[in-house]
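Notes for the structure review
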Amino acid sequence: MADANRILQWQNEGLPKDTHSTENAIFVKKGRRWPLLIDPQGQASKWIQEMEGSKLKVVEASDPNYMRTMERAIRVGEPVLLQEVTESLDPSLKPILLRETFTRGGQQVIKLGDTEIEYNEHFRLYMTTSMANPHYLPAVCIQVTIINFTVTFEGLQEQLLSNVVKQERPQLERQRSQLLASIANDLQLLRDLEDKSLELLQKSEGHILDDQDLVETLKKSKVMSVEIKGRVQQSEETEKSLNQARKKYLPVATRGSVLYFVLSDLAIVDVMYQFSLPWFKNMFETCISTADDRPSSAERSSHLSGTLRPSSRGSPDLQKTREKDTSSHHGIQDLNKHMKQMIDRLTYSVYRAVSVALFAHHQLMFSFMLCTSIMRASSKYGDPISRIGKIERIGWTVFLQGDILANMMDEEALAEHDGLTAMQRLDSQTKGTVFPRPRWITDAMWLQCQCAEATLPTFSRLCRSIINNKVQWELFVRSDTPYHFMKSKFDPAHLGMQGDNSAMYKEVFPWEKLTTFQRLIVIKVLRPEMLTACIRTFVENQMGTKFVSSGSFDLRELFEESSAKSPLIFILSPGSDPAGQLLRFAKELRGSTLHLDMISLGRGQGPKAEELIAKAQILKGRWVFLQNCHLAASWMPKLQTIVDNFNKPNSDVDPQFRLWLSSKPDPCFPVSILQTGFKMTVESPQGLKANLGRSFGSGGTGAISEKLYDDASKGPAWRNLLFGLCFFNAVIHERKKYGALGWNIAYEFNDSDLEVSLLQLQLLLDEEDAPIPWAALRYLTGEVIYGGRVTDDWDRRCLHSLLHRFYCSEALEPGYNYSHDGLYHPLPGAFTFSEVKAYVAGLPQVDSPEVFGMNQNSEKVYLEKQARDLVNTIISVQPRLSSGLIGTGKSSDEIVLEMASDMMRFLPVNMEEIEDDDDDKQPIKKDQKKTLADVFKVASVGKDTKGRASMPTTPAQDLEAEALKPLFQSALVTVLRQETDRFNNLLSIIHKSLKSLCRAIKGEVVMSEQLEEAYNALLTQKVPAQWKQAAYESCKPLGSWVQDLIQRVDFFGKWSEQVVVVANHALKPAQPPSRTPGAPVTPVSPDELLVETAKEHPRSFWLSGFFFPQGFLTAVLQNHARKVGMSVDSLTFEFEVRPNNTTDTEEALNDVKQKIKVKELGFKGPLPPKEGVLVFGLYLDGARWDMNSLSLRDSLPGQRFCRLPEIHFLPTENANAPASQSVSSVGMFQREKEPEQPEKEMYECPLYRTSARAGTLSSTGHSTNFVTAVSLPTDHRPDFWVTRGVALLCQLDD
């Protein structure tokens, strides 16, 4: 569709030299509709502007006056490039897109709005969008030709290969270009000869052989044709040999393509991680053009992120190197060595340039993505140069999404990989013998082990080894370095195992045969807390230690490498401010800060900032620092225009001018500025050592100076309390890493909190010989300064407990420690400032959990969360999970359809359709109520929707209403009705969405955005957003969530059934239920009947199953208040844990993997107490229940959660509580106000609905996730559990 000459011309005009771009260019030229180009890298825009030249009119879709430019271009016949087109096109473009022209007065005319203008046939329209993945409706697609100009891996590979060959063997690239031109000319000449012959044949008259001119022309054409075909054939053979020579440099181009696509994925991780293709190509050319014995400019500016200038490109040595044919002077080994140097230089330069622009928690992720992407490309394309290793596609998928694949496995695959030998399986089937797996392996871990064994051949004996060779895996669990531990072969003989242990030899898992990456799969499944450290080790082994060093920047070097046309961008993290650092650098560079203009953006500050930038162009040597750009979203397009004007060819910018910007990650920040600017992240230091080091920083950079520390006027306690305050500041900062165990809400404490607290400490210690005002110190620091940022009451309690460890009289005594392990302690008053800094420098890099009040279980939770976040971040940039990965051969559509069918089969449509399997269920007669809805219809007869009388009722209806009046007055029955309505609504939404999804997959209806989200959620084992909006709070994955929903529906279905039975008995008092033989049969009233049967409620309540557990507890208090004639506000709960000595053993409580038998616990067993309610199904987070002492105890190693036995909620009068206080707040604080202390101290343990703990702030002043506070006995001080973060949970995440 396009000849080689034409394609060569396009490439000379800026079209990328790859097949994908060539095909796109043909579509642009040959398409019948105007092209809309998806162009995130800007390659299409560059080509169009070069191709069309100066006549091209470039306009932005956001420009309100762009239609005027369009009208002029239509009249004159000029091309127009419309940039930044959104997902919805301007309706005024419709006549142009559809070419709705008509003839008037012999001329073509088009109507735009109310104006008719002449239409010039030479007019051309190009449209581009920088969005990488736009979603255009069909109405847009039929109006334009959508062409995806996004660079592909192979396309970029071809482009970079041309750059490498042009650099290394320029004569080869010139020869190839000349050869392509020669082939194109010969083919064109051959086509001209054929056309001329056909023309003569067409014009010939009479007999053809009589026309001598025609005969001679045909003879010459034949001779010329043979000659040209020979030349073309020879040229094609030469082209093959040239391409073969070019392919020697393919590994360099492949590595470059791999690196760029890793960088492009970073934009999905954080919107501020933007790196343009021109910037990358510039760095690529710089790295490959640098002489081996000369450091590249990219390496000298390795700490930067932005446009790098190839300063070494014009060196004479390099010019000579360009003219040499490398292959003629070096053998294959020398060529490979040379390419390896180029590849290593390119890889490290990109890593150093980019890592400084990433936040600390993303730097290891970037290193791992870099390493694994190179290894995956090596598996696909081969890598004879670096030989870094390979990662197969299936192994990579199992590593990232093994949990999802495990949940998709069918029963046959699970049964096949159950870990049993043939004899064990026979014993299990015939004798019922149980072969348990180790207790430390959870259900999720075991499923993933089965999935790995079924998917990867090298894991074929994994499950069998885990069940039969417990010693091998116990050693693996105890190892501190499992990555290195698996290098060595496990040999039972070395452990002294002989005789009966001979079976160990057969079931040894050969982990020494695993590849380095396959070791990570084992660690991710069985030792997730060690995954982050092992990934760091993996990257070090594969690529070197320099690829795991944290990025840091130097403002002086950054300034020297920058230019006036490229902004310098500080990417902010919570609590960070680079203003002080920039002021110090400005003063250090020029002796003052007068040349630096600073302004914090916000409402109305945009024009002022624009004025400062304009002023800086007039006054030479000015710097402008625009802070907090994320607060001026509406002004960002104007800033983008200003920066774009800097880079125009005719712009005159002062070389000494610098534009500094700071912003938090925000989508409103212009992408073009991020791609062209120098980026650097600014964040708080990580770890106690780094936090204390910053507080006692040198050169006056820290909050504590030597002069302040040596101030003797503050008394002998000054230095001790000063150091304690800095330590407290570091502790509350670092406590955030423990997630919900640390703080319910992650607060943004910053440097100003420490500075103000220091001022308060100075003021309160100024009085000589006065006692230290401990209460005032704690209140001002913990309640006002730091506590002013804390919005959660339980976080505030924790803050006070932590502060009390540093602000107390015991802290001034010798031998006092901040942690139980004695590692952290106050410093002697005689310590000088330099000795304090030396002590801080000597602290360990890894913080002990004891100093935070935590234990090793909390540290494990933190490490697991860190690893989970790292893997989830990598998953977020991966394509959708493909089919056929677990051997079933099912497509994604088939998997989703099967899951939807299963869920619709197991979940009832509503609560009234629940089938009960109880044998003693009584049959319901025709005239009896069948459902809870039928029972409540009795109360609504004759009333409108607001409960007002609307029509007369019959005497029979009045009798029914009177008989059921005691039932309707029960607050618990009202709660049951509300819960049933909520579950019915949720079930209806689930069934409706699943039916629509199935129809959409089959093509019967359109796949909407909501259905597509549900489709992706089912594939990734997540709860669809539409379900979440109508559901209760939960952190469970989809499979566990559905099972939990079924249990909830069964519980409330059984409860509803009992209420219906009691209601039917109340309506038929003449036929009471069976009584004790010999008892007199007398008529009973409905009230007596309800008291007698007492079966309308469960024996024990599953608090976790409620949509709104707070409402249930309030209903319990309301029932008790009505019974005793008291106000609800005067009641609160007392709590008594009532373990069952038979079932609630130590082992059973700690085994949280065991599912709770809801129906058995709720409706079977001994009678409930007369007052209050029994509650079951609660879990302790961070502690355990000790059956011997009947109190809280510290968790066992490796066990974070523990099930709490049944607990009695007993309503009691709280005389001290104010009438306006809520149930939750009374339960929270009433124990603290009681003057008498019980024998054991009581810990007020908050109860949350989920492990997230955080929620939205409700009208009661508490989080919506918070239910109430439960008093639990303890042998420790309550502060011990407060700093542990111990809480009760209604449900776990699994």
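Residues numbered from 1 in each chain as written. Predicted model: local features only at pLDDT ≥ 70, side-chain atom pairs only at ≥ 80, totals over all residues. Heavy atoms only, no water.

1. Digging into the pairing of strand β2 (residues 57-60)
- In terms of strand pairing, β2 meets strand β3 (residues 79-83) through 4 bridges, oriented parallel. Looking at the pairing, Val59 lines up with Leu82 of β3. (Pairing = 2+ DSSP bridges. Helix = DSSP H or I, 4+ residues; strand = E, 2+ residues; numbered from the N terminus.)

2. Regarding the confidence of the model for the protein
- Averaged over every residue, the pLDDT of the protein is 83; residues scoring 70 or more account for 86%.
- Ignoring residues within four places in sequence, the model shows residues 293-330, a span with pLDDT below 50, making 82 contacts including any to other chains. (pLDDT = per-residue confidence, 0-100. Contact = heavy atoms within 4.5 Å.)

3. Some points on the sheet that holds strand β15 (residues 1131-1137)
- Within the open sheet, the 4 strands sit side by side as β14-β16-β21-β15. Their pairing is mixed. Edge positions in the sheet fall to β14 (1101-1102) and β15, since each of these pairs with one other strand and no more.
- Of the strands in this sheet, β14, β15, β16 (1173-1176) and β21 (1207-1213) are in contact with helix α49 (residues 1109-1124), which crosses β15 at around 110°. (Axes fitted to C-alpha atoms, helices over the stretch in contact; angles between N-to-C directions.)

4. Section: a positive patch on the surface
- A contiguous patch of positive charge, built from Arg461, Arg464, Lys489 and Lys513, is present on the exposed surface.
- With respect to the secondary-structure elements, Lys489 resides in the loop between α23 (482-485) and α24 (503-506). (Patch = residues over 30% accessible without salt bridge, like charges linked within 9 Å, V, L, I, M, F, W, Y side chains within 5 Å. Areas by Shrake-Rupley, 256 points an atom, 1.4 Å probe, with all protein chains shown as cover. Salt bridge = Lys/Arg side-chain N within 4 Å of Asp/Glu carboxyl O. Lys, Arg positive; Asp, Glu negative; His and termini not counted. Charge placed at Lys NZ, Arg CZ, Asp CG, Glu CD.)

5. Let's talk about the pairing of β16
- Here β16 shows no split at all, with Val1173 and Val1175 on one side and Leu1174 and Phe1176 on the other all buried.
- Bridge analysis of β14 against β16 gives 2 bridges, and the strand direction is parallel. Residue Phe1101 lies in a different strand from β16, and its bridge partner there is Val1175. (Buried < 20%, exposed > 50% of the residue type's maximum accessible area, 1.4 Å probe, protein only.)

6. Describing the sheet that holds strand β11 (residues 623-627)
- The strand order β10-β11-β12-β9-β13 describes an open sheet built from 5 strands, whose pairing is parallel. The open sheet has two edge strands, β10 (596-600) and β13 (678-682), and neither has a second partner. Each neighbouring strand pair of the sheet contributes to a mean axis angle of 15°, computed without reference to strand direction.
- When strand β9 (residues 568-572) meets strand β12 (residues 658-663), the two strands line up parallel, connected through 4 bridges. Paired with Phe570 across the bridge in β12 is Ser662.
- Against the sheet, helix α28 (residues 579-590) engages β9, β10, β11 and β12, with an angle of about 175° to β11.

7. Focus on unusual backbone geometry
- Here the phi dihedral of Arg99 falls at roughly 50°; this positive angle occurs in a residue that is not glycine.
- The residue Arg99 is located in the loop between α5 (94-97) and β4 (101-104) in this model.
- For Arg99, a relative accessible area of 35% translates into the label partly exposed.
- A positive phi angle, close to 50°, is found at Leu1190, a residue other than glycine.
- Assignment of secondary structure puts Leu1190 in the loop between β18 (1183-1186) and β19 (1191-1194).

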